[in-house]
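Structural description and commentary
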Amino acid sequence: RYLAVDEFHVGRKGKFLTVAIDLESGEILWVAKGRGEAALVKFFRRLRKSRAKVKAVACDMAAAYWGAVLDHLPGVDVVFDHFHVVKLVNERIDDLRRTLAREADILGKRHLKGARYLLLTGAENVPEDKAGALAEALRFNEPLSAAYYLKEDLRALWGQPTKSAMRRHLESWCNRALASGIAGMISLAKTLRGYAWGILNYFTHRISTGKLEGINNKIKTLKRKAYGYRDEAFFILKLYSLHESKAILTGI
C-alpha cells in the first residue's frame, strides 16, 4: 500500500542505484541501476500487472521520481518526505550563518562560534547547558534569529490537526518567509509553494522515507563489511534479502 523511493551512491565513479521499498514490511522490492524515471519504469509496469493497490509513494522533491509516480501510477498520491523539507530550511540557515560569520567583526564571530549544531537542532533537543549560547547567537544576529524561528515554525507544520489547518500554516509560513528579506528563505518559500500539494498529502498518508534512509545505512554497512562487491548482480541479490538478515553480536 505504501512505498518509498530513493537513490544511493555506490562506488567512486558517480554510480547510483535506485531503491524502492515496502514501507510496511521494510522489504526492498526493487533495485535498479541509475536514478530517475528510467530506473523505475519496469518496476511500475510490474506493479500495474500485479494489480497492487498502492495508495501513496514517499520520495524527496526530485522531479524525476514524483513525475514518474504521477505518469505511471495514476491515482496514487505522492508524499514529499518532511525530513527532506526540514533539511532544506536547515541548509538555508547554515548558508546564512556562514555568510554572517564572514562579514562579522571579532565580537560577532565569537557569538557565532560553535553555534552551527545548536541552530540546526530542534528547539526541544537543545541541551540545557547550551541554551544560553544559542540565545546569545540569536540575540546578536537578527537575520539568523528570524531564520531560526522560521525553521522552528515550519517544523510545526506536520503536527497540525487538520489538512486545512496544515494548508493555512504553510501559506502563512511562506508569506512570512517572503517578507523576511532573507534571500535563502525567500527562495525556499517559493519552492515550498510549488510543492505544497505533495507536502500536504502527508496529512492523508503519514509516511516518509525515514525507513528507507535507515536501509541505506544498512547497505553502506554491508558494503563496508565486505570491502565492496566486485559482482554487482550478487550485491543486488544481497540487497533483496537484507530485510531477512539479522546482526550477529560478538563478544561478551
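For the structure itself, look to the data block above.
These lines cover the structure that appears in this document, whether it is placed above or below. (Residues numbered from 1 in each chain as written. Predicted model: local features only at pLDDT ≥ 70, side-chain atom pairs only at ≥ 80, totals over all residues. Heavy atoms only, no water.)

Overview of the overall build of the protein
Convention followed: For the purposes of this entry, the term helix denotes a DSSP run of H or I that reaches at least four residues, the term strand denotes a run of E that reaches at least two, and both are numbered from the N terminus. Only protein chains enter the accessibility calculation, which uses a 1.4 Å probe; a residue is then buried when its area is under 20% of its type maximum, exposed when over 50%, and partly exposed in between. Residue contacts follow a heavy-atom distance rule, with two residues in contact if any of their heavy atoms lie within 4.5 Å. All accessible areas in this document rest on Shrake-Rupley with a 1.4 Å probe, and a residue is counted as covered only by the protein chains that are shown.
Across its full length, the protein carries 12 helices and five strands. Expressed as a percentage of the 252 residues in the protein, the buried residues total 44%. Across the protein, contacts joining residues at least 24 apart in sequence account for 57% of those joining residues at least 6 apart. Carbon and sulfur atoms form 54% of the exposed surface of the protein, whose accessible area is close to 14400 Å².

Description of the packing of helix α7 (residues 142-155) against helix α8 (residues 163-179)
Defined as follows: Lines fitted to C-alpha atoms define the axes, with helix axes restricted to the stretch in contact, and inter-axis angles between N-to-C directions lie between 0 and 180 degrees. With respect to orientation, any angle under 35 degrees is reported as roughly parallel, any angle over 145 as roughly antiparallel, any angle of 65 to 115 as roughly perpendicular, and every other angle as oblique. Three residue categories are used. Nonpolar comprises Ala, Val, Leu, Ile, Met, Phe, Trp, Tyr, Cys and Pro, charged comprises Asp, Glu, Lys and Arg, and polar comprises the others, including Gly.
Remark: α7 packs on α8, axes separated minimally by 10 Å, with the N-to-C direction vectors making an angle of 170 degrees. When the axis of α7 is compared with that of α8, the two are roughly antiparallel. Residues Leu-150, Asp-153 and Leu-154 of α7 lie in contact with α8, whose contacting residues are His-169, Leu-170, Trp-173, Arg-176 and Ala-177. Considering only residue class, the contact of α7 with α8 consists of five nonpolar, one polar and two charged.

A few points about a positive patch on the surface
Our working rule: A patch consists of residues exposed above 30% relative accessible area that lack any salt bridge, with like charges linked at up to 9 Å and nonpolar side chains (Val, Leu, Ile, Met, Phe, Trp, Tyr) linked at up to 5 Å. For salt bridges, the criterion is a side-chain nitrogen of Lys or Arg within 4 Å of an Asp or Glu carboxyl oxygen. Counting rule for charge: Lys and Arg are taken as positive, Asp and Glu as negative, and neither His nor the chain ends is counted. By convention, the charge on Lys lies at NZ, on Arg at CZ, on Asp at CG and on Glu at CD.
Positive charge collects at one region of the surface, where Lys-42, Arg-45, Arg-46, Arg-48 and Lys-49 lie side by side. Examined against the element boundaries, Arg-46 turns out to sit in helix α1 (residues 41-50). Here Arg-46 falls in the exposed class, since its relative accessible area comes to 56%.

Here we look at the pairing of strand β4 (residues 56-59)
Convention followed: Any two strands with at least two DSSP bridges between them are considered paired. The handedness of a crossover follows from its direction of travel: if, with the strands pointing away from the viewer, the path from the first strand over the helix to the second runs clockwise, the crossover is right-handed.
Across the two faces of β4 the burial is the same, with Ala-56 and Ala-58 and Val-57 and Cys-59 all buried. As defined by bridge partners, strand β1 (residues 2-10) adjoins β4 across three bridges and the pair is classed as parallel. The residue bridging Leu-3 from the neighbouring strand is Val-57, located in β4. Here β4 pairs with strand β5 (residues 77-80) via four bridges, running parallel. Bridge pairing links Ala-56 to Asp-77 in β5. Taking the sense of rotation as the criterion, the β-α-β connection linking β4, helix α2 (residues 63-72) and β5 turns out right-handed.

Regarding helix α6 (residues 131-139)
Our working definition: What the arc measures is the spread of directions leading from the helix axis to the C-beta atoms.
Within the sequence span of α6, burial applies to Leu-134, Ala-137 and Leu-138. Each buried residue of α6 lies within a common arc of 95 degrees when the element is viewed along its axis, so the set occupies one face.

Description of the packing of aromatic side chains
Stated formally: Note on aromatic pairs: the rings of Phe, Tyr and Trp (six-membered ring only in Trp) are paired at centre separations within 6.5 Å, and the planes decide the class, stacked below 30 degrees, edge-to-face beyond 60, tilted for the rest. Only when the NZ atom of a Lys or the CZ atom of an Arg is both within 6 Å of the ring centre and within 35 degrees of the ring normal do we say a charge sits over the ring.
Tallied over the entire structure, the rule returns eight aromatic pairs. With centroids separated by 5.6 Å and ring planes inclined at 25 degrees, the aromatic side chains of Trp-30 and Phe-43 adopt a geometry described as stacked. One end of the pair, Trp-30, is in strand β3 (residues 28-33); the other, Phe-43, is in helix α1, with 13 residues separating them in the sequence. Among the residues examined, Trp-30 registers a relative accessible area of 10% and is labelled buried. Through a chain of ring-to-ring contacts, the aromatic side chains of Trp-66, Phe-80, Tyr-195 and Trp-197 assemble into a single cluster. Between the NZ or CZ atom of Arg-35 and the centre of the ring of Phe-16, over which it lies, the distance is 3.9 Å. One cation-aromatic arrangement involves Arg-206 over Phe-203; the distance from NZ or CZ to the ring centre is 4.7 Å.

So, the sheet that holds strand β2 (residues 15-22)
Strand order across the open sheet formed by five strands is β3-β2-β1-β4-β5, with mixed pairing between neighbours. Two strands lie at the open edges of the sheet, namely β3 and β5, each paired on one side alone. Strand-to-strand twist in this sheet, taken as the mean axis angle between neighbours without regard to direction, amounts to 25 degrees. α1 rests against β1, β2 and β3 of the sheet, and its axis sits at about 150 degrees to β3. Here α2 sits on the sheet in contact with β1, β2, β4 and β5, set at roughly 165 degrees to β5.

Digging into the pattern of salt bridges
Taken as a whole and judged by the stated rule, the model has 10 salt bridges. Its salt-bridge partner being Glu-124, residue Arg-155 comes within 2.7 Å of it at the nearest N-O pair. Placement of Arg-155 in helix α7 and of Glu-124 in the loop between α5 (116-120) and α6 is noted, with a sequence separation of 31 residues between them. With a relative accessible area of 53%, Glu-124 lands in the exposed category. Salt bridges here are not isolated pairs; linked through shared partners, they connect Asp-94, Asp-95, Arg-97 and Arg-98.

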